[in-house]
Amino acid sequence: MTPSVYAWNRQRPSTMPYHRYKPAHERVEVPLAERDWPSARITRAPLWVPVDLRDGNQALAEPMDPARKRRMFDLLAGMGFKEIEVGYPSSSRLDFDFVRHLAEPGVVPEDVTVVVFTAARRDLIERTFAAIEGLPRAVVHLYTATAPTWRDVVLGHDRRELRALIMDAAGHIARLADGLDVRFQFSPEVFNLTEPDYVLEVCNDLTALWDAAPDRPVIHNLPATVEVATPNVYADQIEYMHRHLDRRDAVILSVHPHNDRGTGVACAELAVLAGAQRVEGCLFGNGERTGNVDLVTLALNLHSQGVDPMLDLSDIDEIRRVVEHCNRLPVPDRHPYAGDLVYTAFSGTHQDAIGKGLAHHAKRAAELGVPPEQAPWEVPYLPIDPADVGRGYQAVIRVNSQSGKGGIAYLLRTRYGLELPRRLQIDFSSVVQRATDGSGEEITAEQLWELFHATYLAPGESGALAEWSTRETAPGVHEFAGTLRSGRRLRGTGNGPLSALTAALGDDGIDVDILHFAEHALDPGRGSRAIAYVEARVGGVTSWGAAQDTSVLTASAHAVLAAVNRVLAAAPA
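The shown structure was predicted, so the numbers you read here are calculated from the model rather than taken from an experiment. (Residues numbered from 1 in each chain as written. Predicted model: local features only at pLDDT ≥ 70, side-chain atom pairs only at ≥ 80, totals over all residues. Heavy atoms only, no water.)

Topic: the pairing of strand β13 (residues 530-538)
Here is step 1 of the chain: With 9 of 9 residues buried, β13 lies mostly within the body of the structure.
Here is step 2 of the chain: What you see with β13 is no split at all: Ala530, Ala532, Val534, Ala536 and Val538 on one side and Ile531, Tyr533, Glu535 and Arg537 on the other are buried throughout.
Here is step 3 of the chain: Strand direction decides the pairing type here: strand β12 (residues 512-521) and β13, joined by 9 bridges, are antiparallel. If you follow aspartate 513 over to β13, its bridge partner there is arginine 537.
Here is step 4 of the chain: Of the strand pairs in this sheet, β13 and strand β14 (residues 541-549) are connected by 9 bridges, and their pairing is antiparallel. Within β14, the residue paired with tyrosine 533 across the bridge is alanine 546.
Here is step 5 of the chain: Between the end of β13 and the start of β14, which pair antiparallel, lie 2 residues, with glycine 539 showing a positive phi angle near 55°. (Buried < 20%, exposed > 50% of the residue type's maximum accessible area, 1.4 Å probe, protein only. Helix = DSSP H or I, 4+ residues; strand = E, 2+ residues; numbered from the N terminus. Pairing = 2+ DSSP bridges.)

Below, the structure is given as structure tokens:
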């Protein structure tokens, strides 16, 4: 009986043209008849391989410059990743030069292996090997699309012709790698829409050609390049390959799920249950279309099940800040583990349950004679202890204070036109709390504005620039020159006006890194006032500043100075 015939189901046919699309089982065969993965359990972390610097980077509207790429690489290495895909060196001069930078002595930690990506063309392969010259070790990742639609529409090859092309490219890689510490990886792009027998044939041929051995394994990476089915179908496809690959002990079975159906995390977890040993993805899921699988979520999902994620995620806010800086994309407030709001309850019943749960946790820890951070965790509505990822308890316990930031932001928006960024709302709510804790009295919109002005705007006004200018001296190169009201002169160069200003401050002995920037008009019409908000790390201390002016650039520069002056004013003499 279909749902539509039930009296309680009042849904009716839509006008959507759903008939244009074939279900997955009509597009690709899944020959697996018996399944082991539904009863399997994940007891150890797979090998995590971040592709933020390659797949993630190519999905950015503004790809990373060398400084941001290096900062992302250092973050990944510091978190404990041991294989890092660093680029597609034959695709651009920037990617090639970055791989050459990594070949410099001391840049890549001794226990980290870089992965480079190449299409199945001899000239591109040779360019790739030129890029990795001097690296102590590397993985060369060969890819080509294999699915029927891609073969017919994009490549113009039948199965036999495409197999010959892949084998020729793989043989060329093997010859160029002779005498080098280079391992091999192959990705049949759009694996999940390719005939299983064809993928198996190509992968087994490559295993033999590359003479895979347990001490020199080949990586076969099977991407769900475009999600087209429920995660159980992908698990069946992975288990089929797991069972039938030749020299299984000499093959690392890897997966690379995308998120077109919103089930990338589930696909990866089921694939590991089905035999996958290695997972490629991005820290917070950045990637083409709806993104790559989210490695932070996958790793912390294991953590929440009592399995060591084998990554250091103990300062999730710093990881998020670096990734947001490098990608210039925000991590959503509702990200499962890193979002600004995920450890804050707004519902009164949730607040009550969490408060009681935290009190019970502290009591149980005392009874066990262990610190609270070592006691077993069972607190309602909190899958993990926020302290595990470097979060405090204020947002959880003092929820009313935290939820008050919504009211604060509303008053400033409706009365003064301020659209505060989320993290500035959180920062300012703590300022308001400190100002009102003593009296407990209501704070008015006017008082809020005065407090906001004194906290974030005034520091930039008192130390603002007496005169300054910026100019573009070459494409993408800006020069800043100015004089502070104190008489000190500043001069610096960067890839934008604010970058040039921070460089000038750095030359003056003040290390400044802009983490977040936002601006908007305060009044309608041409020549209206604008306000800028800047979150910056100044000498290792994170600070917000704001400024308003009819010029967005002027407001932006003064907001940077406001953030800087707040830190300098708080520093001991």
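Describing empty space enclosed by the protein
Here is step 1 of the chain: This model, assessed by the stated rule, comprises 3 cavities of 30 Å³ or more.
Here is step 2 of the chain: Approximately 90 Å³ is the volume attributed to the largest cavity.
Here is step 3 of the chain: What lines the largest cavity is simply Ala24, Val28, Asn192, Ala224, Glu227, Val228, Ala229, Thr230, Val233, Tyr234, Gln237 and Cys267.
Here is step 4 of the chain: Here the lining of the largest cavity takes 3 residues from helix α9 (residues 231-244), the largest share from any one element.
Here is step 5 of the chain: Along its surface, the second largest cavity is lined by Ile42, Pro46, Trp48, Ala268, Glu269, Val272, Val279, Leu298 and Leu302.
Here is step 6 of the chain: Those elements that place two or more of their residues in the lining of the second largest cavity are α10 (264-273) and α11 (295-304). (1 Å grid on protein atoms, 1.4 Å probe; cavity = no way out; pocket = protein on both sides within 12 Å on 5 of 7 lines; lining within 4 Å. Points joined across faces, edges and corners; volume = space filled by probe spheres on them.)

Some thoughts on unusual backbone geometry
Here is step 1 of the chain: In the Ramachandran plot, arginine 247 falls in the positive-phi region, its phi being about 45° despite a non-glycine side chain.
Here is step 2 of the chain: Looking at where arginine 247 falls in the secondary structure, it is placed in the loop between α9 and β7 (251-257).
Here is step 3 of the chain: Its identity is not glycine, yet methionine 310 carries a phi of approximately 65°, on the positive side.
Here is step 4 of the chain: Mapped onto the fold, methionine 310 is located in the loop between α11 and α12 (316-327).
Here is step 5 of the chain: On the basis of relative accessibility, which here comes to 54%, the residue methionine 310 falls in the exposed class.

Quick look at the nonpolar core
Here is step 1 of the chain: With 102 residues, the main nonpolar core has Trp48, Val86, Ile238 and Leu283 as its most contacted residues.
Here is step 2 of the chain: In this structure, valine 86 is in contact with Leu53, Lys69, Phe73, Phe98, Val99, Leu102, Val114, Val115 and Val116, ignoring residues within four places of it in sequence.
Here is step 3 of the chain: Ala532, Val560, Ala563 and Val564 belong to the second largest nonpolar core, which has 25 residues in total. (Core = buried A, V, L, I, M, F, W, Y, C linked by side-chain atoms within 4.5 Å. Contact = heavy atoms within 4.5 Å.)

Quick look at the side chain of threonine 502
Here is step 1 of the chain: With respect to the helices and strands, the residue threonine 502 is situated in helix α18 (residues 497-507).
Here is step 2 of the chain: Residue threonine 502 is classed as buried on the basis of its relative accessible area, which comes to 14%.
Here is step 3 of the chain: If sequence neighbours within four positions are ignored, threonine 502 has contacts with Val512 and Ile514.

Let's talk about the packing of α18 against helix α19 (residues 552-570)
Here is step 1 of the chain: For the pair α18 and α19, interaxial distance at closest approach is 10 Å and the crossing angle is 35°. For α18 against α19, the interelement crossing comes out right-handed. Mapping the contact onto sequence places Pro497, Leu498, Leu501 and Leu505 in α18 and Leu553, Ser556, Ala557, Val560, Leu561 and Val564 in α19.
Here is step 2 of the chain: When the residues that make up the contact of α18 with α19 are grouped by side-chain class, the tally is 9 nonpolar, 1 polar and no charged. (Axes fitted to C-alpha atoms, helices over the stretch in contact; angles between N-to-C directions. Left-handed = near helix turned anticlockwise from the far one by under 90°. Nonpolar A, V, L, I, M, F, W, Y, C, P; charged D, E, K, R; others polar.)

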